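Spelled out, the chains give:
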Amino acid sequence: MLCLGIDCGTQSLKCLAWDSATGQVVSSSQSYDLIPGLPPGHKEQHPREWLDALDGCIASLGQRGVELSRVRALGVSGQQHGLVALDQEDRVVRPAKLWCDTSTGEECRLIQESAGGRPAYMAEIGNDLPPGFTASKILWIKRHEPEEYQRIHSLLLPHDYLNFHLTGRKTAEPGDASGTGYFQVPHRRWSSSALRWIDPERDLSGCLPELIESRQAAGELRPEIARRWGVSEPVVVSSGGGDNMMGAIGSGNVAPGILTVSLGTSGTLFAYSPEPVIDPQGEIAAFCDSTGGWLPLGCTMNVTVATEMIRQGLQMGSLAEFDAAVQEVPAGSGGLLLLPYLEGERLPNLPDATGVLLGLRPSTCLPGQLARAAMEGVTLGLRYGLERLGQLGVEAREIRLIGGGAASSVWRQLCADVFRLPVVCPRLKEGPALGAALQACWCAGDEEIGEIARRCPLDESTRCLPRTEEAALYDQLYDLQCSLGRQMATSGLFEKHRRLIQGKD
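Now for a description of the structure that goes with this document. Per-chain numbering applies: the sequence of each chain, read as written, is numbered from 1 onward. The predicted origin of the model limits local features to residues at a pLDDT of at least 70 and limits the giving and counting of side-chain atom pairs to 80 or more, whereas totals for whole chains, interfaces and linings rest on all residues. With hydrogens and water set aside, each side-chain value is computed from the structure's full complement of heavy atoms.

1. Topic: the overall build of the protein chain
Worth spelling out the cut-off: Helix and strand definitions follow DSSP, with helices as H or I runs of at least four residues and strands as E runs of at least two, each counted in order from the N terminus. This radius of gyration counts C-alpha atoms alone. The globule rule is 2.2 Å times how many residues there are, raised to the power 0.38. Partly exposed describes any residue whose relative accessible area lies between the buried limit of under 20% and the exposed limit of over 50%, with all areas from a 1.4 Å probe on protein chains only and scaled to the type maximum. Contacts: residue pairs with any heavy atoms within 4.5 Å of one another. Methods summary: accessible areas were calculated by the Shrake-Rupley approach with a probe of 1.4 Å, and residue burial reflects only the protein chains presented. As used throughout, the charge tally considers Lys and Arg to be positive and Asp and Glu to be negative, leaving His and the chain termini uncounted. Charge positions are represented by NZ for Lys, CZ for Arg, CG for Asp and CD for Glu.
Looking only at helices and strands, one finds 18 helices and 23 strands in the protein chain. Relative to the globule expectation of 23 Å for 505 residues, the C-alpha radius of gyration of the protein chain, 22 Å, shows essentially globular dimensions. When its C-alpha atoms are laid out on the principal axes, the protein chain stretches across 65 × 55 × 40 Å. Out of the 505 residues belonging to the protein chain, those deemed buried represent 60%. Look at the contacts in the protein chain between residues 6 or more apart in sequence, and 73% of them connect residues 24 or more apart. Entry remark: accessible area of the protein chain is about 19500 Å², with carbon and sulfur atoms responsible for 50%. Here the protein chain carries 46 positive and 61 negative side-chain charges, and the mean point of each set is 1 Å from the other.

As C-alpha cells, then:
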C-alpha cells in the first residue's frame, strides 16, 4: 500500500510517500512564513499558505517519480493548538493564531477565573491552561475582535482544517483535541463546562467538529482533489493528529519505555502511557495519543529558534559551520549560560520572559561560545521536562531523537550527556510526516499500529551514549539554569522589563 503523510508545521509543510511493502520513502517540502509586523507575542499564519504548499508538495512528489495513482491512504499531522475559525460559508474568518502565540495570557486568567480558579479548571480538563492552548485564542478574538467573533461558525485546529479541505468533513480526534483546553483528557471527550467558561452567553459546542476515534477515517479524499493530484479514488483520509502524536508514531513510540525528543522550532519530549498521566502542577501536558493511549508531554517554546537566532546573528553561512563552531568549544561554553526564553516560555509558564545570558565577558563573547551556549541552553531547558516526567512515574530507557536538530551529531551527543540516556534517531527522519503515513496505513488496513511502527528501523550510526565527565558538568549547569530562571521569575524582573520596553513605567 502506498500511503501519504502530510505534516503542516510552523515553517514548512512536508509530504512523504511511504510504501508499506518495501519501506521506500520519497519526500518533498515547501516553506512559508509567519505574518510579519505583528506585535511581540503575536504569531499568526494564513491557512491558505498551507493549502498552496500542499498542492506544491504533491506535484513535487509526482515529479520525483512517485506513482500517485497508487496512493490508497493519507494522514495529516498538524502543528498543535492553532485556531482556524470559519464562517457559515466555511471561509476563514481571520488568520490562524498559532501554538507559539503568547498574546493570550490575560484570557487564560479569565477562563480559569470563570472556572472558579486554576484547581477547578484542571480538575475538569486534566491540564493547566498556558497561553498557547486554543481556548484562550477563542476568548481573545471575542474580546479584541468582536465582529469577527460573531462570524465564527466552526472552530478547527490546523490538522482538522486540512482534513476538512481534503474530505469536506469536519472532524477531530482525541490526540490533537487534548491540546485545546476544552477537552477532558482522562475521558476523551469535549468539555461543555470549559466551553461555558470561554463564553457563558453562547453555546460553542455547535462550532466544534465531530469527535472520532484515532483509528477511524476522517473521510475519503474529495474527487476534485484526487483528479487534480492524479490520484485514483478511493483514498482513505485517516483521523490524523497533532505533530507530537504523529512524531510519536513515526519514532516507534507506541509502548512504554521510549522517550521521543523533538528538536524543532519548539522542543517537545513525550512518552506513551496506557493510562492518563495528570500533573497536579500543570507543567506536563496530559495529552491523549493518536493510537488509543495517552501521551504525557513537556514542551518548551524555544529550541531551533534560539540556535538559529545565534547562527544568523553571527552570520554563519550554514548549519555545518554552526555545528563545527559548537564542536570546537568544550562542554560548558567556557562559563557562558543562556536562559533561552526569548519571546516567552511555556515550560516553565513565563509568557513575559526573555532570553538571559549569564557569564558574558570578553573570553566568552566569541562565536563558538555563543553557539554552544545556545545549544546547551535549550537542551538543559528540555531536561526539566524529563525530570518532571520522572516525578510523575514516567520512566525512559532510551531517547528517540527527531526534528531538525537531530541531524547534528554534536547535538545528539549533547542530548545523551544532558539527559544521561542513550540517544538514537529513526532511520527515516521525517517523524511527524512518517507517523501520519503509518497511521493512515493502520486506519486503512488490518495490521495493528505497533506492528506497522516496528517496520521503521533505527539508524544505529546515530546512537550516542552519555559520557560521565560531561554529564556531571551538565548536572551542575542544569541546577544553575533552574535557579536563574526561578529568581528572574519570582523577583518580577521579566514583568518589570516588559513594562519598561512598552513605556508603562
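2. Here's the deal with the side chain of Gln80
Positionally, Gln80 belongs in the loop between strand 5 (71-78) and strand 6 (84-86). A relative accessible area of 2% means that Gln80 is categorised as buried. If near-sequence neighbours (up to four positions away) are discounted, Gln80 is found in contact with Trp99, Gly175, Asp176, Gly179, Gly242, Asp243, Asn244, Met245 and Phe287.

3. Let's talk about helix 12 (residues 319-327)
Selection rule: To be clear, the arc concerns the directions from the helix axis to the C-beta atoms.
The complete set of buried residues in helix 12 reads Phe322, Ala325 and Val326. Seen along its axis, helix 12 keeps its buried residues to an arc of 100 degrees; they face one direction. Across helix 12 from its buried face, at more than 90 degrees, point the exposed residues Ala320 and Gln327. In this fold, the buried residues of helix 12 make contact with helix 11 (304-313), helix 13 (367-391) and helix 14 (409-419).

4. What about the nonpolar core?
Note the threshold: Among buried residues, the Ala, Val, Leu, Ile, Met, Phe, Trp, Tyr and Cys ones that are joined through side-chain atoms within 4.5 Å form a nonpolar core.
In this structure, Trp18 and Ile198 are the most contacted members of the largest nonpolar core, which totals 55 residues. Ranked by residues supplied to this core, first place goes to helix 15 (residues 431-444) with eight residues. With residues near it in sequence (within four places) discarded, Trp18 still touches Met1, Leu2, Cys3, Gly23, Gln24, Val25, Leu434, Ala437, Leu438, Cys441, Ile452 and Arg455. Membership of the second largest hydrophobic core comes to 47 residues, among which are Leu259, Trp411, Val418 and Cys482.

5. Things to note about the packing of aromatic side chains
What counts is decided by this rule: Each aromatic pair joins two rings of Phe, Tyr and Trp (for Trp, the six-membered one) with centres within 6.5 Å, and gets the label stacked for planes under 30 degrees apart, edge-to-face for over 60, and tilted for any other angle. The criterion for a charge sitting over a ring is simple: Lys NZ or Arg CZ within 6 Å of the ring centre, and within 35 degrees of the ring normal.
Counted by the stated rule, this structure contains six aromatic pairs. An aromatic cluster is built from Tyr182, Phe183 and Trp190, whose rings are joined through pairwise contacts. Above the plane of the ring of Phe164 lies Lys170, whose end atom (NZ or CZ) is 5.2 Å from the centre. The lysine or arginine in question, Arg202, covers the ring of Tyr149, its NZ or CZ lying 5.1 Å from the ring centre.

6. A short note on the sheet that holds strand 22 (residues 423-426)
Inclusion rule: DSSP bridges decide pairing: two strands pair if at least two such bridges lie between them. Between N-to-C directions, angles span 0 to 180 degrees; the directions come from axes that are lines fitted to C-alpha atoms, helices contributing only their stretch in contact.
Strands sit in the order 18-17-16-21-22-23 across an open sheet of six strands; the sheet is mixed. Where the open sheet ends on each side, the last strands, each with one partner, are strand 18 (297-300) and strand 23 (458-464). On average, adjacent strands in this sheet sit at an angle of 25 degrees to one another, irrespective of strand direction.

7. So, unusual backbone geometry
Backbone phi values are negative for most residues with the exception of glycine, while trans is the configuration of most peptide bonds. Here the amide bond leading from Glu233 into Pro234 is cis, since omega sits at -5 degrees, within 30 degrees of zero. Note that Pro234 resides in the loop between helix 9 (223-229) and strand 14 (236-238). For Asp90, which is not glycine, the phi torsion reads 65 degrees and is therefore positive. By the secondary structure assignment, Asp90 is in the loop between strand 6 and strand 7 (96-97). A relative accessible area of 31% means that Asp90 is categorised as partly exposed.

8. A look at the pairing of strand 21 (residues 396-402)
Put simply, the rule is: Crossover handedness is defined by viewing with both strands directed away from the observer: a clockwise path from the first strand over the helix to the second marks the crossover as right-handed.
Of all seven residues in strand 21, five are buried, a share of seventy percent or more. With six bridges connecting them, strand 16 (residues 257-263) and strand 21 associate as parallel partners. Following the sheet pairing, Leu259 is matched in strand 21 by Ile399. Here strand 21 runs beside strand 22; their pairing, made up of two bridges, is parallel. Counted as the bridge partner of Arg400 is Val424 from strand 22. In this fold, strand 21 hands off to helix 14, which returns the chain to strand 22; that crossover is right-handed.

9. Things to note about the environment of Cys3
Locating Cys3 in the fold gives a position in strand 1 (residues 2-8). Residue classification places Cys3 among the buried residues on the basis of a relative accessible area of 0%. As for Cys3 and Val84, which are separated by 81 residues in sequence, their C-alpha atoms are 26 Å apart.

10. Focus on the pattern of salt bridges
Condition: Here, a salt bridge means any side-chain nitrogen of Lys or Arg that lies within 4 Å of a carboxyl oxygen of Asp or Glu.
Enumeration over the complete set of coordinates arrives at 30 salt bridges. Here Arg91 and Asp87 are joined by a salt bridge, their closest N and O atoms 2.9 Å apart. For Arg455, the salt bridge identified is with Glu447, shortest N-O distance 2.1 Å. For Arg455, a relative accessible area of 34% translates into the label partly exposed. One continuous salt-bridge network, built from bridges that share partners, spans Glu44, Arg94, Lys97, Asp101 and Glu145.

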